[in-house]
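Commentary on secondary and tertiary structure
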Amino acid sequence: MASHTAEGLLASVQGLTPGRAQQIGNQIDECRRLLATNADMDAVQQHLKDKGTSKRS
């Protein structure tokens, strides 16, 4: 499976401001870096929680 950039993944999402799209892209990149260190999904979820990421912002 080809790796997609955060920007590519967000390109087809409707209703995001450019600033919000950038925030989400940054979060995707942070999570990918964390996963690259062999962290598990629990660690990724904790990271997002610690950053104050909510289900809807």
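The structure presented is a predicted model; accordingly, all values stated were derived computationally and were not measured. (Residues numbered from 1 in each chain as written. Predicted model: local features only at pLDDT ≥ 70, side-chain atom pairs only at ≥ 80, totals over all residues. Heavy atoms only, no water.)

Description of the overall build of the chain
For the chain, the count of helices and strands is three helices and zero strands. When the helices and strands of the chain are listed from N to C terminus, the series reads α-α-α. For the chain, with 57 residues in total, the buried portion stands at 11%. A total of about 4,600 Å² of accessible surface is found on the chain, and carbon and sulfur atoms cover 53% of it. (Helix = DSSP H or I, 4+ residues; strand = E, 2+ residues; numbered from the N terminus. Buried < 20%, exposed > 50% of the residue type's maximum accessible area, 1.4 Å probe, protein only. Areas by Shrake-Rupley, 256 points an atom, 1.4 Å probe, with all protein chains shown as cover.)

With respect to the confidence of the model for the chain
This prediction gives the chain a mean pLDDT of 81; 84% of its residues lie at or above 70. For the chain, helix 1 (residues 6-10) is the element with the lowest average pLDDT, namely 69, and helix 3 (residues 41-50) is the one with the highest, namely 92. (pLDDT = per-residue confidence, 0-100.)

Observations concerning helix 2 (residues 18-36)
With 19 residues, helix 2 ought to run about 27 Å at 1.5 Å a step, and its terminal C-alpha atoms sit 27 Å apart, in line with that. Three or more residues of helix 2 are buried, namely Ile24, Gly25 and Cys31. The buried residues of helix 2 occupy an angular sector of 125° when the element is viewed end-on, so they sit on one face. Facing away from the buried side of helix 2 by more than 90 degrees, the exposed set consists of Pro18, Arg33 and Ala36. Phi for asparagine 38, located one or two positions after helix 2, is positive at around 70°. (Expected span 1.5 Å × (residues − 1). Arc of directions from axis to C-beta.)

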